[in-house]
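# An overview of the molecular structure
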Amino acid sequence: MIPPPTSSQPMKDTRPLRDKAYQSKMRQEVTAYLQENGYDIASNTLQNIQGKEYRAIFEFLTLRLDPNYAFFADKRFEDQFVPALRAIAYPYAHVIDNKWLAAPASMHSWPALLGCLHWLVELCKVRLN
């Protein structure tokens, strides 16, 4: 029998993030949540997202969870991203690479970055509804 992970063992993400159907579902749910909550987003934005758009969505969702969380305009978003994930207890922050934010839509980074946005949306739904 395999023991459950301890706090010193990082959790493995078991979501099928590379599955195209799962990605489509996550994109739809993220887009719908954003639109329902007053964020102006086109339905195809998450198909080929740019870094600036990803940052804006991430900040919007993070601030919905914690309106007092401080993002600093004079600091690079890349340097604030993982600390923000840790502050909101994202269980897979250890697998996120800041370099992915330069080209979030690339095939090696997008599944994990989309998974992060989807998790934030799910957390927003649970906490705020």
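For the structure, check the block above.
Report on the accompanying structure.

What counts, and where the lines are drawn
- Residue positions are given per chain, counting from 1 as you read along its sequence in written order.
- With pLDDT at 70 or above as the cut-off, local features in this predicted model cover only qualifying residues; side-chain atom pairs require 80 or more to be listed or tallied, and sums for whole chains, interfaces and linings still use all residues.
- No hydrogens and no water enter the side-chain calculation; it runs on all heavy atoms of the structure.
- Only DSSP runs of H or I with at least four residues qualify as helices, and only runs of E with at least two residues qualify as strands; both kinds are numbered from the N terminus onward.
- Each radius of gyration reported is based on C-alpha atoms, and the globular scaling rule is 2.2 Å times the count of residues to the power 0.38.
- Exposure is judged per residue with a 1.4 Å probe applied to protein chains only, and the accessible area is read against the type maximum: over 50% gives exposed, under 20% gives buried, and values in between give partly exposed.
- Contacts between residues were defined by any pair of non-hydrogen atoms, one from each residue, lying within 4.5 Å.
- Note on areas: Shrake-Rupley, 1.4 Å probe, and residue coverage restricted to the protein chains presented here.
- A residue counts as positive if it is Lys or Arg and as negative if it is Asp or Glu; His and the chain ends are not included.
- For charged residues, the charge sits on one atom: NZ in Lys, CZ in Arg, CG in Asp, CD in Glu.
- Residues belong to a common nonpolar core when they are buried Ala, Val, Leu, Ile, Met, Phe, Trp, Tyr or Cys residues joined through side-chain atoms within 4.5 Å.
- The disulfide criterion used throughout: a pair of cysteine sulfur atoms within 2.5 Å.

## Some details on the overall build of the protein chain
The helix and strand inventory of the protein chain stands at 4 helices and 0 strands. Radius of gyration (C-alpha) of the protein chain: 15 Å, near the 14 Å computed for a compact globule of 129 residues. Projected onto its principal axes, the C-alpha coordinates of the protein chain cover approximately 50 × 35 × 35 Å. Evaluated residue by residue, the protein chain yields a buried proportion of 40% over its 129 residues. Once local pairs closer than 6 in sequence are excluded, the contacts in the protein chain between residues at least 24 apart make up 54%. About 7800 Å² of surface is accessible on the protein chain, with carbon and sulfur atoms providing 54% of the total. One finds the centroid of the 15 positive side-chain charges in the protein chain at a distance of 4 Å from the centroid of its 13 negative side-chain charges.

## Some remarks on the nonpolar core
Within the largest apolar cluster, 38 residues are counted, with the highest numbers of intra-cluster contacts made by Tyr54, Ile57, Phe58, Leu61, Phe81, Ile96 and Leu117. Listing elements by their share of this core, those giving two or more residues are α1 (20-36), α2 (51-65), α3 (77-87) and α4 (110-128). When residues in this core are grouped by element, the largest group, 10 residues, is from α4. Apart from residues lying up to four places away in sequence, Ile96 is in contact with Phe81, Val82, Leu85, Tyr90, Ala112 and Leu113.

## Some points on the state of the cysteines
Enumeration according to the criterion identifies 0 disulfides in this entry. Between Cys116, a free cysteine, and Cys124, which holds the nearest cysteine sulfur, the sulfur-to-sulfur gap is 11 Å. The exposure class assigned to Cys116 is buried, which follows from its relative accessible area of 0%. For Cys124, a relative accessible area of 0% corresponds to the buried category.

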